[in-house]
Amino acid sequence: MSDATYSRMVAFDNGTHGALFGSWQLKSAFQPIFTLSSGTAEIAGFEALIRPFLAGRAASPATLFRTVKGDKRSALETIMRDLHMKNATTLPVQGALLFINIDPSAFLDLLEISQALASVRRQWAKTGNASRRLVCEITEGKAKSPSLLFSLADTIRANGFRLAIDDYGAKDSDAARLSRLRPDIVKLDGRWITRLIETSAGYGHAKDMVKRLAGLGIETVFEGIEELQQLELGEAAGATYLQGFALARPEIAPTSFAHFITPAVPKSARDALIEAVRHQAAKVDLAIGYGHRAA
């Protein structure tokens, strides 16, 4: 069965798209990524996440990925990226960054990488957005070789996209790898950061890391923020962006994040965001929570 027969895009009446992949139904979800500037909190971007359904019932992405193996995995990665880019046109913030996950383990060779990124470039151009507004987020999936991982990073940059490293601070992330990949953005592993900021010494280390990365021209995302205290510490540490359930949970497209889009107000950035977080907490569906990663 060809990939074209096995997977296809579906248009919905609400302006969004879904995808059929074998027996699976796929939808896009988006989680806002915030920045604090000009006296208020603003949505700077969105991370695209997959929501799989089997026989009409929600399943975890981990279940989906465990069942899709071999030559079908590359096709799955392609249709997920295409789906997210199509649905990004429905987001309530024009010009925001879009973070899409790219799993290095899905590529067998440089030819596959080149073809995949050329396809991303074509699909993203159809949205009318500039290349630099797409952030290709390399996940912690194991590449077939270090050289293939570096080729993936080089190809992302060659196509004009921004490069982000996901879960920095986790097992396979180190200074040498960071230096070779030369990312634009580093997403600091949420669990690792949470452990660091529990002590004054750890918080100092996190703050120094943010400062060092900024000196290299690298922006940072504190992800996995689940408490307001973490939000305050992330802001104080100088993180460029903040992301987590305490701020906003992912929502299946079309999203309802419009209530976060407000004009600047004469309050501190922290207070403005906390106010928005509390407003969101009263509305959010706590059942939503899966991301586009097995972990």
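Coordinates for the structure precede this section.
In this text the structure is predicted, and so the values were computed from the model without any measurement.

A.B. asks: Account for the overall build of the chain, with residues named and values stated.
C.D. replies: Looking only at helices and strands, the chain features 10 helices and 12 strands. Carbon and sulfur atoms make up 52% of the accessible area of the chain, which amounts to about 13,500 Å² in all.

A.B. asks: Go over empty space enclosed by the protein with me, naming the residues and quoting the values.
C.D. replies: Taken as a whole and judged by the stated rule, the model has one cavity of 30 Å³ or more. Empty space within the largest cavity amounts to approximately 40 Å³. Looking at the largest cavity, the residues that line it are Gly190, Ile193, Thr194, Ile197, Phe222, Glu223, Gly224, Ile225 and Gln230. The dominant element in the lining of the largest cavity, judged by the number of residues it contributes, is helix α7 (residues 190-196), at three residues. Among the residues making up the lining of the largest cavity, the classes are represented as four nonpolar, four polar and one charged.

A.B. asks: An account of a positive patch on the surface is needed here, citing residue identities and associated values.
C.D. replies: Together, Lys86, Arg121, Arg122 and Lys126 line one region of the surface with positive charge. A total of three residues in the positive patch trace back to one element, the largest contributor, which is helix α4 (residues 110-126). Its place among the elements puts Arg121 in helix α4.

A.B. asks: Tell me about the packing of α4 against helix α5 (residues 146-158), residues and numbers included.
C.D. replies: Following both chains from N to C, one finds α4 and α5 inclined at 25°, their axes separated by 10 Å at the closest point. Put simply, α4 runs roughly parallel to α5. Once α4 is placed against α5, the crossing between them reads as right-handed. Of α5, the residues touching α4 (which contributes Leu110, Ile113, Ser114 and Leu117) are Leu148, Ser151, Leu152, Thr155 and Ile156. Of the residues that constitute the contact of α4 with α5, the class distribution is six nonpolar, three polar and no charged.

A.B. asks: So what's going on with the side chain of Arg81? Which residues, and what values?
C.D. replies: When you line up the elements, Arg81 lands in helix α3 (residues 71-87). Within the buried core, Arg81 has no salt-bridge partner, and the shortest N-O distance to an opposite charge, that of Glu77, equals 4.2 Å. With residues up to four places along the chain from it excluded, the contact list for Arg81 reads Ile100, Asn101, Ile102, Phe107, Ala116 and Val120.

A.B. asks: Run through the nonpolar core, naming residues and quoting values.
C.D. replies: A general trend in soluble globular proteins is that nonpolar side chains are found buried together. If you look at the biggest cluster of nonpolar residues, it comprises 57 residues, and the most contacted ones within it are Leu98, Leu134, Ile156, Leu188 and Phe222. Setting aside residues up to four positions removed in sequence, Leu188 forms contacts with Tyr168, Ile193, Met209, Val210, Thr220, Val221, Phe222 and Glu223. Of all hydrophobic cores here, the second largest spans 14 residues; its members include Phe21, Trp24, Phe65 and Leu83.

A.B. asks: Give a detailed account of the environment of Leu20, specifying residues and quantitative values.
C.D. replies: Here Leu20 shows up in strand β2 (residues 17-21). Judged by its relative accessible area of 27%, Leu20 falls in the partly exposed class. For the pair Leu20 and Arg8, spaced 12 residues apart in sequence, the C-alpha separation works out to 5.4 Å.

A.B. asks: Account for the pairing of strand β9 (residues 185-188), naming residues and giving values.
C.D. replies: On a regular strand, one side chain projects to one face of the sheet and the next to the other, so that they alternate. Residues Ile185 and Lys187 point to one face of β9 and Val186 and Leu188 to the other, with burial holding for every one of them. One ladder, built from three bridges, connects strand β8 (residues 162-168) with β9; its direction is parallel. From the neighbouring strand, Ile165 faces β9, where its bridge partner is Val186.

A.B. asks: Describe the packing of aromatic side chains, with residues and values.
C.D. replies: On inspection of all chains with the given rule, the structure shows one aromatic pair. With a centroid separation of 6.1 Å and 35° between ring planes, the pair formed by Phe46 and Phe257 is classed as tilted. Note that Phe46 is positioned in strand β4 (residues 40-54) and Phe257 in the loop between β12 (251-252) and α10 (269-281), a separation of 211 residues in sequence. The pair formed by Phe46 and Phe257 is uniform in burial state, with each residue classed as buried. If you follow Lys27 out to its NZ or CZ, it ends over the ring of Phe12, 5.8 Å from the centre. Just above the ring of Phe53 sits the side chain of Lys27; from NZ or CZ to the centre is 5.3 Å.

A.B. asks: Quick rundown of the pattern of salt bridges? Include the residues and the values.
C.D. replies: Here the structure, examined in full by the defined rule, presents nine salt bridges. A salt bridge links Lys187 to Glu47; the shortest N-O distance between them is 2.9 Å. In this pair, Lys187 is assigned in strand β9 and Glu47 in strand β4, connecting sequence segments 140 residues apart. Across the pair, exposure class does not vary: Lys187 and Glu47 are buried alike. Lys187 is the salt-bridge partner of Glu223, the closest N and O atoms lying 3.6 Å from each other. Of the two residues, Glu223 sits in the loop between β10 (219-222) and α9 (228-237) while Lys187 sits in strand β9, which places them 36 residues apart along the sequence. Lys187 shares its class with Glu223; the two are buried. Bridged by salt links that share partners, the residues Glu47, Glu137, Lys187 and Glu223 form one connected network.

Rules and cut-offs
Residues numbered from 1 in each chain as written. Predicted model: local features only at pLDDT ≥ 70, side-chain atom pairs only at ≥ 80, totals over all residues. Heavy atoms only, no water. Helix = DSSP H or I, 4+ residues; strand = E, 2+ residues; numbered from the N terminus. Areas by Shrake-Rupley, 256 points an atom, 1.4 Å probe, with all protein chains shown as cover. 1 Å grid on protein atoms, 1.4 Å probe; cavity = no way out; pocket = protein on both sides within 12 Å on 5 of 7 lines; lining within 4 Å. Points joined across faces, edges and corners; volume = space filled by probe spheres on them. Nonpolar A, V, L, I, M, F, W, Y, C, P; charged D, E, K, R; others polar. Patch = residues over 30% accessible without salt bridge, like charges linked within 9 Å, V, L, I, M, F, W, Y side chains within 5 Å. Salt bridge = Lys/Arg side-chain N within 4 Å of Asp/Glu carboxyl O. Lys, Arg positive; Asp, Glu negative; His and termini not counted. Charge placed at Lys NZ, Arg CZ, Asp CG, Glu CD. Axes fitted to C-alpha atoms, helices over the stretch in contact; angles between N-to-C directions. Parallel < 35°, antiparallel > 145°, perpendicular 65-115°, else oblique. Left-handed = near helix turned anticlockwise from the far one by under 90°. Contact = heavy atoms within 4.5 Å. Buried < 20%, exposed > 50% of the residue type's maximum accessible area, 1.4 Å probe, protein only. Core = buried A, V, L, I, M, F, W, Y, C linked by side-chain atoms within 4.5 Å. Pairing = 2+ DSSP bridges. Phe/Tyr/Trp six-rings, centres within 6.5 Å; stacked < 30°, edge-to-face > 60°. Lys NZ or Arg CZ within 6 Å of the ring centre and 35° of its normal.

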